[in-house]
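Overview (structure and organization)
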Amino acid sequence: MSKYLQRSLRISPVYCVTDDMQYFGGSRNTGQNLSTTRCRHPDCSELETLGHVLGQCPKGELLINARHHRVRHALAISLKTLNWEIHEEVHCVSSDGSFRRADIIAINGRLKRALVLDPTIRFERNLNQATEVDIEKKSIYEPCLPYLSQKYNVPLKQWSVIGLLFGSRGSITKFTWNYLKELHIPFDSVMSVLINIIKDSLQILHHHLYFN
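Residues numbered from 1 in each chain as written. Predicted model: local features only at pLDDT ≥ 70, side-chain atom pairs only at ≥ 80, totals over all residues. Heavy atoms only, no water.

1. Quick word on the pairing of strand β1 (residues 85-93)
Regular strands place side chains that alternate from one sheet face to the opposite one. Relative to strand β2 (residues 99-108), β1 is paired through eight bridges, and the arrangement is antiparallel. Paired with His87 across the strands is Ile105, a residue of β2. (Pairing = 2+ DSSP bridges. Helix = DSSP H or I, 4+ residues; strand = E, 2+ residues; numbered from the N terminus.)

Right, here's the structure in full:
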């Protein structure tokens, strides 16, 4: 990969962002009713936009979940090679007594840091989306930190929660890029994650259009 492309990816707040309001419309052999813009899946009445297909339609739910799990596991493996203690899909209890499941718990005794990382794949919409996702994830998992602190015997002050947004079309925000860089996750590992997101999203789209 060229140095120019590497520099471009690092400084771009978001790339590959286009208007979501594009209907697929009917076409031969895709199962879509030409008279409607609603989703072709019989159990779904939402507008059939690319954002809907890649992230919300129940027809592709298993593939959407599998895409997320691959991203989560790839990040966990990268951190593990950097000597972080890693736990995936950890059940935890919030301060209000509700149950949550954290994607990644990463603990580094040498650095005196403990992280709740929640990678999220969503359709790219605006430049504030990464910050909004991070705030959303903090509101969910910060109430779980006292429980996790006790569970892993790590002081509460060492914990932090980070929501990491990845675009469903393979984009990465500056917020996410900078945080992964801070964790010293290699550039090639990040690019591998993005390429696999694109591949998985294409599979989700193909499944939606051509499989009944």
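Further notes follow.
2. A look at the sheet that holds strand β4 (residues 159-167)
Taken in spatial order, the four strands of this open sheet run β1-β2-β3-β4, and their pairing is mixed. Both outer strands of the open sheet, β1 and β4, are each paired with one neighbouring strand and no more. Geometrically, the sheet is characterised by an average inter-axis angle of 35° between neighbouring strands, direction not taken into account. In the packing of helix α6 (residues 174-182) onto the sheet, contacts are made with β3 (113-122) and β4, and the angle to β4 comes to roughly 130°. (Axes fitted to C-alpha atoms, helices over the stretch in contact; angles between N-to-C directions. Contact = heavy atoms within 4.5 Å.)

3. Focus on the side chain of Thr173
For Thr173, the position within the fold is in the loop between β4 and α6. Within the structure, the side chain of Thr173 is placed 3.2 Å from the backbone nitrogen of Thr176, a separation counted as a polar contact. (Polar contact = N/O pair within 3.5 Å; in protein donor to acceptor, adjacent residues only side chain to side chain.)

4. What to know about the environment of Asp118
Mapped onto the elements of the fold, Asp118 is located in strand β3. A relative accessible area of 4% means that Asp118 is categorised as buried. In the structure, Asp118 is positioned 29 residues away from Glu89 in sequence and 9.9 Å away in space, judged by C-alpha atoms. When residues no more than four places from it in sequence are discounted, the contact partners of Asp118 are Asp103, Lys137, Tyr141, Ile162, Gly163 and Leu164. Reaching out from Asp118, the side chain makes a polar contact with the side chain of Lys137 at a distance of 3.5 Å. (Buried < 20%, exposed > 50% of the residue type's maximum accessible area, 1.4 Å probe, protein only.)

5. Examining the pattern of salt bridges
Two side chains of opposite charge can pair, provided their charged atoms sit close to one another. Inspection of the entire model under this criterion finds 11 salt bridges. Close ionic contact of Glu89 with Arg72 constitutes a salt bridge, the shortest N to O distance being 3.5 Å. Residue Glu89 is located in strand β1, and its partner Arg72 is located in helix α3 (residues 61-81); the two are separated by 17 residues in the primary sequence. Residue Arg72 is classed as buried on the basis of its relative accessible area of 8%. (Salt bridge = Lys/Arg side-chain N within 4 Å of Asp/Glu carboxyl O.)

6. Section: the packing of aromatic side chains
Given two aromatic rings, their pairing is described by the distance between the two centres and the angle made by the two planes. Under the counting rule described, the total for this entry stands at two aromatic pairs. Between Tyr152 and Trp159, the ring centres sit 6.3 Å apart and the planes meet at 40°, which makes this aromatic pair tilted. An identical accessibility class is assigned to Tyr152 and Trp159; each is buried. One residue, Lys151, lies across the ring of Tyr152, its end atom 5.6 Å from the ring centre. (Phe/Tyr/Trp six-rings, centres within 6.5 Å; stacked < 30°, edge-to-face > 60°. Lys NZ or Arg CZ within 6 Å of the ring centre and 35° of its normal.)

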